[in-house]
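So the chains spell out like this:
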Amino acid sequence: MKYSRISGTGSYLPEKVLTNHDIEKFVDTSDEWIQERTGIKSRHIAADGETATDMAAQALQRALENSGKTAQDLDLIIVATCTAHCRFPSIATQLQNIYKVKNFPAFDLNAACSGFIYGLNLVDTMVRSGQVRCAAVIGTEHMSSLIDWSDRSTCVLFGDGAGAVIVEPSNEAGIISTHIHADGAHMDLLYHDAASGKIVMEGNKVFRVAVKTLERIVDETLDANKLDRSAVDWLLPHQANLRIMLATAQKLDMTEEQVIITVDEHGNTSAASIPLALDVGIARGQIKRGEVLMMESFGAGFTWGSALVRY
Ligand code: COA
């Protein structure tokens, strides 16, 4: 079998919801400002003691059930994250331990908000080469652990959650192509400050680079496949800011109705945002089998990438 395809999806969101009005109570901001600038209304926040591993395990369980597989079928786990509660062992090997499975590769990767797209790229290559027959790619993030709750310019933006997909070989192209890039020259614009433990971002500058870069990546993706914009049924963007997402939609001549939007309820969940939005888009009845999705992401590093996927 020459190709790979996504055979199942799953996601998990912590129970606690933090609304913009809740945040208004402890920093100088307003629901109106946050919605207007970002599209975010609320986000989920992990419970005390709930880790990125716990959220990943829940999302993986649901993705396995959805694809009719069990953990025993897996022969690869890749976890995209930058918020593991310990530096090692990886969340991926912790999941092996939770599920009592072993003897296959399992590792975490950190490409910030682009981590899930990087994971899809790797898994697609490994499935196509015949090394892997049933892989899990998971994005899981505990962003609230990195937030400075007194910094209004960043604390309103992020949320916690996890999303997972199961990828298997296929005779037809499910994952049509993936494209991944990075440029470390602008790391000062968005980073985790090791001294304070918090996120630092020059939002305005990041915004401008993100819009331009995402325009280029959708062109690159269509060109690589000699496809016209009309071939894409859904834009499934990284959910950081509704204005960035709609700028990319406009570039693709797509309407807001053709964009999977979860940023309003999830905020920016970094590497978890695309698999979460995929699972939600399917559950809502928006995305159907056979439709073509343009996934795209931009994040710290900078890293960026895309995946053109026939679901
Ligand atoms: N509530 C109210 N005012 C706020 C605020 C908040 N939560 N956060 C910032 N402001 C203020 C600023 O202090 C500034 O005030 P000033 O003009 O008096 O100095 C003003 O709002 C404008 O700030 P600015 O940062 O220019 O706003 P913006 O329109 O760029 O929106 C972001 C800020 C963060 C929402 C936006 O830049 C963004 O989304 N950036 C990209 C994020 C991203 O994609 N990250 C990469 C992927 S992880």
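Just so it is clear, the structure is predicted and the values come from calculations on it, not from any experiment.

Caption draft 1: Structural context of the overall build of the protein. On a plain count of helices and strands, the protein comes out with 10 helices and 13 strands. Expected size for 311 residues packed as a compact globule is a radius of gyration near 19 Å; at 18 Å, the protein falls within 12% of this value. In the protein, buried positions account for 57% of the 311 residues. In the protein, the proportion of contacts linking residues at least 24 apart, taken out of those at least 6 apart, comes to 76%. On the protein, roughly 13200 Å² of surface is accessible, and the fraction owed to carbon and sulfur atoms is 49%. The averaged location of the 39 negative side-chain charges in the protein is 4 Å from the averaged location of its 28 positive side-chain charges.

Caption draft 2: Representation of the sheet that holds strand E11 (residues 234-237) within the structure. What the four strands build is an open sheet, ordered E8-E13-E12-E11; its pairing is mixed. Of all the strands in the sheet, just strand E8 (175-182) and E11 have a single pairing partner and so form its edges. In this sheet, adjacent strand axes meet at a mean angle of 10° when their direction is disregarded. Packing of helix H10 (residues 273-283) onto the sheet brings it into contact with E11 and strand E12 (292-299), and relative to E12 it is tilted by some 150°.

Caption draft 3: Examining the site of the ligand more closely. Around the ligand sit 22 residues in total, of which Thr-29, Arg-37, Arg-152, Asn-204 and Asn-241 are the nearest. Note that a nitrogen atom of the ligand is positioned 3.0 Å from one of the backbone N or O atoms of Gly-203. In this structure, an oxygen atom belonging to the ligand sits 2.6 Å away from a side-chain N or O atom of Asn-241. In isolation the ligand offers 960 Å² of accessible surface; the protein chains occlude 73% of this area. Breaking the shell around the ligand down by element, the ones donating at least two residues are helix H2 (31-38), helix H6 (152-155), helix H7 (203-224) and helix H8 (242-251). The dominant element in the shell around the ligand, judged by the number of residues it contributes, is H7, at four residues. Grouping the constituent residues of the shell around the ligand by class yields 11 nonpolar, seven polar and four charged.

Caption draft 4: View of the packing of helix H3 (residues 52-67) against helix H4 (residues 91-99). At a closest axis distance of 10 Å, the pairing of H3 and H4 adopts a crossing angle of 60°. Judged on the interaxial angle alone, H4 and H3 are oblique. Every pair of crossing elements has a handedness; the one defined by H3 and H4 is right-handed. On H4, the residues touching Ala-52, Thr-53, Ala-56, Ala-57, Leu-60, Gln-61 and Leu-64 of H3 are Ile-91, Gln-94, Leu-95, Ile-98 and Tyr-99. Looking at the contact of H3 with H4, its residues break down into nine nonpolar, three polar and no charged.

About the cut-offs
Residues numbered from 1 in each chain as written. Predicted model: local features only at pLDDT ≥ 70, side-chain atom pairs only at ≥ 80, totals over all residues. Heavy atoms only, no water. Helix = DSSP H or I, 4+ residues; strand = E, 2+ residues; numbered from the N terminus. Rg over C-alpha atoms; globule rule 2.2 N^0.38 Å. Buried < 20%, exposed > 50% of the residue type's maximum accessible area, 1.4 Å probe, protein only. Contact = heavy atoms within 4.5 Å. Areas by Shrake-Rupley, 256 points an atom, 1.4 Å probe, with all protein chains shown as cover. Lys, Arg positive; Asp, Glu negative; His and termini not counted. Charge placed at Lys NZ, Arg CZ, Asp CG, Glu CD. Pairing = 2+ DSSP bridges. Axes fitted to C-alpha atoms, helices over the stretch in contact; angles between N-to-C directions. Near = heavy atom within 4 Å. Polar contact = N/O pair within 3.5 Å; in protein donor to acceptor, adjacent residues only side chain to side chain. Nonpolar A, V, L, I, M, F, W, Y, C, P; charged D, E, K, R; others polar. Parallel < 35°, antiparallel > 145°, perpendicular 65-115°, else oblique. Left-handed = near helix turned anticlockwise from the far one by under 90°.

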